[in-house]
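# Commentary on secondary and tertiary structure
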Amino acid sequence: MRARVSEERVLPGAGVAGTPLLRLDGVRKQFGDEVVLDRVDLEVRGGALVGVVGGPGAGKTTLTSIAAGLLPPDDGVMWLFGEDLWDGPGLVRSAVALVPDDEPVVDRRSCHDVLVCAGMAHGLSRVAAERRSTLLLSVCELTGAADLPAYRCTAGQRLLLRLATALLGERRLLVLDDPFAGVDAWALGVVRAVLGEFTASGGGVLCAVRSSERIAAWCDRVVEPFRGSGCAFDSNTR
Ligand SMILES: Nc1ncnc2c1ncn2[C@@H]1O[C@H](COP(=O)(O)OP(=O)(O)OP(=O)(O)O)[C@@H](O)[C@H]1O
């Protein structure tokens, strides 16, 4: 039976629903002459799943990289858990994780070993990493694939492994970048269940997709911030 995402210390102190977790105020990002993000306002509160929709090249990876604290905006302010991320100590960064988009995997390690090594890289002891990995494999319904080499996983299993890796740390905000290419209905259902439990525990989710078709029903709000019209303060009314 699948473990619950809120079990044990997977989501310690995930937060209180309605608490602002992420807020972008007038964020701008430019590469050379290309303005990718222009005055983007966006908010994700605890308990909310916000979808961001943009076509190929619209700026989803740029936006999610900024939201995950991995790329500084050129202008505007990024608030993470109430802190101006790029004008403060930045310690809050560890409470947000990016689930990147899919890419070819050549890793011959098993799913279990990928997770354990990532856990140890996060500073967990071997024993703690083993324990956490076993729990997360169950949460993400990958227990049956624990010994499967990562390169032999389906797109859906790879996404679930990336999600499990993101949950190794003590997260309050998950940011997903265009994660659903090639993902089967079963894996999509598991992702939905895991994210649902994460938000029910007070965590927040920002999910960027090319089309809202697959996730519209899950989201508290779906926004398109890439055409200058983007104002995305979520009402958190679910
Ligand atoms: N580091 C960079 N240097 C120069 N240009 C960049 C850089 N990162 C992104 N871009 C450009 O910014 C634009 C938006 O790219 P981005 O990857 O954010 O879009 P995307 O919506 O994620 O695209 P896709 O759906 O194809 O993955 C593209 O024109 C891209 O070439």
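Residues numbered from 1 in each chain as written. Predicted model: local features only at pLDDT ≥ 70, side-chain atom pairs only at ≥ 80, totals over all residues.

Formally: UniProt positions are given in the numbering used here, feature names are shortened, and annotations may be inferred rather than shown by experiment.
The chain is annotated in an unreviewed UniProt entry as ATP-binding cassette domain-containing protein of Saccharothrix xinjiangensis. Word for word, the UniProt comment on the chain under Subcellular location (unreviewed entry) is "Cell membrane".

## Digging into the overall build of the chain
The condition that has to hold: Helix and strand definitions follow DSSP, with helices as H or I runs of at least four residues and strands as E runs of at least two, each counted in order from the N terminus. Exposure criterion: with C-beta atoms placed from backbone coordinates, a residue whose C-beta has 20 or more other C-beta atoms within 10 Å is buried, one with 12 or fewer is exposed, and one in between is partly exposed. Any pair of residues counts as being in contact when their C-beta atoms, constructed from backbone geometry, are within 7 Å of one another.
Of regular secondary structure, the chain possesses 5 helices and 10 strands. Out of the 238 residues belonging to the chain, those deemed buried represent 46%. Taking as baseline every contact in the chain between residues at least 6 positions apart, the subset at least 24 positions apart corresponds to 76%.

## Overview of the environment of P100
Looking at the secondary structure, you find P100 in the loop between β6 (96-99) and α2 (111-121). Note: C-alpha distance between P100 and T143 (43 residues apart in sequence) is 22 Å. Apart from the residues within four sequence positions on either side, P100 is in contact with R162 and D177.

## Remarks on the site of the ligand
In plain terms, the rule: Near, for a residue, is defined by distance from a backbone-placed C-beta atom to a molecule or strand, with 6 Å as the limit that must not be exceeded.
Surveying the vicinity of the ligand reveals 13 residues, the closest of which are F31, P56, K60, T61 and T62. Every element with two or more residues in the shell around the ligand is listed here: β2 (34-45) and α1 (60-67). Broken down by element, the shell around the ligand gets its largest block of residues, 3 residues, from α1.

## A short note on the sheet that holds strand β9 (residues 221-223)
Quick reminder of the rule: Pairing between strands is defined by DSSP: at least two bridges between the two strands are required. Lines fitted to the C-alpha atoms define the axes, with helices restricted to the stretch that makes contact. Angles between their N-to-C directions range from 0 to 180 degrees.
Here 5 strands make up an open sheet; going across it, the order is β6-β7-β8-β3-β9 and the pairing parallel. Only two strands of the sheet have a single neighbouring strand rather than two, namely β6 and β9. Direction aside, neighbouring strands of the sheet carry axes that sit 15° apart on average. Examined bridge by bridge, strand β3 (residues 49-53) and strand β8 (residues 204-209) share 5 bridges and lie parallel to one another. Bridging from a neighbouring strand, V52 pairs with A208 of β8.

## Re the nonpolar core
The line we're drawing: Defined on buried residues, the nonpolar core groups Ala, Val, Leu, Ile, Met, Phe, Trp, Tyr and Cys residues joined through C-beta atoms within 7 Å.
One finds C140, L160, L163, A164 and V175 to be the most contacted residues of the largest nonpolar core, which totals 68 residues. In this view, V175 contacts T64, A67, A68, V96, L98, V99 and L206; residues no more than four positions away in its chain are not counted.

## Observations regarding helix α4 (residues 155-166)
Under the convention used in this document: Between the first and last residue of a helix there are one fewer steps than residues, each counted as 1.5 Å, and that sum is the expected span.
Compared with an ideal rise of 1.5 Å per residue, which puts 12 residues at 16 Å, α4 spans 17 Å between its outermost C-alpha atoms and is within 8% of the ideal. Along α4, 11 of the 12 residues are buried, which leaves the element largely enclosed by surrounding structure. Among the residues making up α4, those that are buried are G156, Q157, R158, L159, L160, L161, R162, L163, A164, T165 and A166. Its buried side turned inward, α4 meets β6, α2, α3 (126-139), β7 (173-177) and α5 (185-200).

## A word on the packing of α2 against α3
Here is the rule we go by: Throughout this description, any angle smaller than 35 degrees is read as roughly parallel, any larger than 145 degrees as roughly antiparallel, any in the 65 to 115 degree range as roughly perpendicular, and the remainder as oblique. Helix crossings get a hand from a simple test, with the near helix turned counterclockwise from the far one by less than a right angle marking a left-handed crossing and a clockwise turn marking a right-handed one. Only Asp, Glu, Lys and Arg are considered charged in this grouping, and only Ala, Val, Leu, Ile, Met, Phe, Trp, Tyr, Cys and Pro are considered nonpolar; every other residue, Gly among them, is considered polar.
At their nearest, the axes of α2 and α3 sit 8 Å apart, and the two run at 130° to each other. It follows that α2 is oblique to α3 by the angle criterion. For α2 against α3, the interelement crossing comes out right-handed. Here C111, H112, L115, V116, G119 and M120 of α2 lie close against α3, whose contacting residues are R126, A129, E130, R132, S133, L136 and L137. Its residues placed into classes, the contact of α2 with α3 shows 7 nonpolar, 3 polar and 3 charged.

## Some words on unusual backbone geometry
Its identity as a non-glycine residue notwithstanding, R39 has a phi of 55°, on the positive side. Among the structural elements, R39 can be located in strand β2. Its identity is not glycine, yet F81 carries a phi of approximately 50°, on the positive side. Mapped onto the elements, F81 comes out in the loop between β4 (75-80) and β5 (83-84). Given 20 C-beta atoms within 10 Å, F81 falls into the buried group.

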